[in-house]
Amino acid sequence: MTEPSKVIHVRNVGHEISEPDLLQLFQPFGVINKLVMLRAKNQALLQMQDVPSAVSAMQFYANVQPSIRGRNVYVQFSSHQELTTMEQSTQGRVDEPNRILLVTIHHMLYPITVEVLHQVFSPHGYVEKIVTFQKSAGFQALIQFQLRQSAVAARNSLQGRNIYDGCCQLDIQFSNLEELQVNYNNDRSRDFTNPSLPSEQKGGRSSQSGGYGDAGVGYPQMNNAAAIAAAFGGGLPPGISGTNDRCTILASNLNPDRIDEDKLFNLFSLYGNIVRIKLLRNKPDHALVQMGDGFQAELAVHFLKGATLFGKRLEVNYSKHPNITMGAETHEYLNSNLNRFNRNAAKNYRYCCSPTKMIHLSSLPQDVTEEEIISHLEEHGCIVNTKVFEMNGKKQALVMFESEEQATEALVCKHATTLADSIIRISFSQLQTI
């Protein structure tokens, strides 16, 4: 093998393979600084930010054959240590400034809605319309500003930036459209100048894409298999297929006297970001939980099946509903800063496991004592052992209960509660002893 380099040489890059396709293959491993398509040779050169990122990509693809659109591509370290003379060409595309931006989102671990995009783009000027859709290149959006200079400012400021830490990277070009056509105001399209539009087509299935995309999907399921597999050391956990695309889970046999949406959030958010939760009033021991994507839903179903909470053995299955509709009884968590996978997604995937007797506490106050931790948690069961320690200058703790059920109850009731002015975080630990 050639000496490691931050430049990766990709062969068998067919004409149907686009730049975003290649970016999606390598983004899970780090920031990509440059990409040069050598169309005449069916090859590409791609420069990672540093050598370790390139090495982890190469190690991963040594065990997993990389393929794009059904075509195997072959990767090796390039003999170039740096791409200097070959700056990325725009392939002769005229990038004429326009008030409408075409945004492609790469490495999308979390659902991106109109609200999220509006939050990201509106600081640069008045956003009139947003339409989102699923194309073969991935999840895309058209964003129309009132003024052309606002669109130019947004592109200059946001191009290449991540919406969330380490994922959802923005690739922004000017569109050549004159005006966006928006028919519905909902999660997938919005006309901010006309709030009276209906939310759905009455009768029949709505064609949400408005003619811009291949399909109208609510929460697009992106292939983040590389990021996930990188988190799991190159292979998914036993029993996890990675192919489920159903995001909504039906949890049943709950204890209706003790459960609520926030407690369910604390438990299910161990396995992914939570979009919405709804307790079913006509079946008080049932709830719907909508996860960020199908993989996160699969982790939750796999690891929580048969767990015991508040004296009841949980039933966890996929729901027949693709997502939870907004309503008076629906709790919205999409933009909650308590969602655990907005930061260090790969690390959080790695910690996924079934409930254990041991919980791990972080974000603790610096001067916290073992006694304070015990008195905060002891109402949930018999604490067998505790240990307070410091990691990277931050106070953390391990608390071992007599049973998994007691540890699960403590996590569900006390995650995101306040202990001496700090909002603490709790997850299960896979350690057997302290």
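If you're wondering where the values come from, they're calculated on a predicted model, not measured in any experiment. (Residues numbered from 1 in each chain as written. Predicted model: local features only at pLDDT ≥ 70, side-chain atom pairs only at ≥ 80, totals over all residues. Heavy atoms only, no water.)

Some words on the overall build of the protein
Note the following rule: Only DSSP runs of H or I reaching four residues or more are called helices, and only runs of E reaching two or more are called strands; each is numbered from the N terminus. The cut-offs for exposure are 20% and 50% of the maximum accessible area for each residue type, with area from a 1.4 Å probe on protein chains only; residues under the lower value are buried, those over the upper are exposed, and the others partly exposed. The Shrake-Rupley method, run with a 1.4 Å probe, gives the accessible areas here. Residue values count only the displayed protein chains as cover.
The secondary structure content of the protein amounts to 10 helices and 25 strands. Within the protein, the fraction of its 434 residues that count as buried is 53%. Carbon and sulfur atoms provide 47% of the accessible area of the protein, an area that totals close to 20000 Å².

A few points about the sheet that holds strand β1 (residues 7–11)
For the record, the criterion: For two strands to be treated as a pair, DSSP must find at least two bridges joining them. Convention adopted: a line fitted to C-alpha atoms gives each axis, helices being fitted over their contacting stretch, and angles between N-to-C directions are expressed from 0 to 180 degrees. In this description, contact between two residues means that some pair of their heavy atoms is separated by no more than 4.5 Å.
With antiparallel pairing, four strands are arranged side by side in an open sheet as β2-β3-β1-β6. Looking at which strands have only one partner, the edges of the open sheet turn out to be β2 (32–38) and β6 (74–77). Put simply, the sheet's adjacent strands are angled 20° from each other on average, direction ignored. Bridge count for β1 against strand β3 (residues 43–48) is four bridges, and the pairing is antiparallel. Residue pairing in the sheet places I8 in a bridge with L46 of β3. In the packing of helix α2 (residues 51–63) onto the sheet, contacts are made with β1, β3 and β6, and the angle to β6 comes to roughly 140°.

Topic: the sheet that holds strand β18 (residues 315–318)
Spatially, the five strands line up as an open sheet ordered β18-β13-β15-β14-β19, and their pairing is antiparallel. Here the strands that pair on one side only, and so sit at the sheet edges, are β18 and β19 (330–332). Across the sheet, the mean angle from the axis of one strand to that of its neighbour is 20°, orientation sign disregarded. Note: strand β13 (residues 248–252) against β18, four bridges, orientation antiparallel. Bridged to L250 within β18 is N317. Strand contacts of helix α6 (residues 261–268): β13, β14 (274–279), β15 (287–291), β18 and β19, with the helix running at about 140° to β14, the strand carrying the most contacts. Sheet strands touched by helix α7 (residues 294–304): β13, β15 and β18. Its angle to β18, the strand with the most contacts, is close to 150°.

A look at the pattern of salt bridges
A pair can form between side chains of opposite charge whenever their charged atoms are brought close. We count it as follows: Any carboxyl oxygen of Asp or Glu that lies within 4 Å of a side-chain nitrogen of Lys or Arg is treated as forming a salt bridge with it.
A complete count under the given rule lists 12 salt bridges for this structure. Its salt-bridge partner being E115, residue R190 comes within 3.0 Å of it at the nearest N-O pair. With a gap of 75 residues between them, R190 in strand β12 (residues 189–191) and E115 in helix α3 (residues 114–121) connect regions that are remote in the sequence. Here E179 makes a salt bridge to K129, at a shortest N to O gap of 2.8 Å. Taken together, the positions of E179 in the loop between β11 (167–174) and β12 and K129 in strand β8 (residues 127–135) put the pair 50 residues apart, joining distant regions of the chain. Each of the salt bridges in this network shares a partner with another, and the network as a whole consists of R99, E128, K129 and E179.

Observations concerning the environment of V368
Within the secondary structure, V368 sits in the loop between β20 (358–362) and α9 (370–377). Sequence separation between V368 and V388 is 20 residues; the distance between their C-alpha atoms is 8.7 Å. Each residue touching V368, except ones within four places of it in the same chain, is listed here: I373, K395 and L419.

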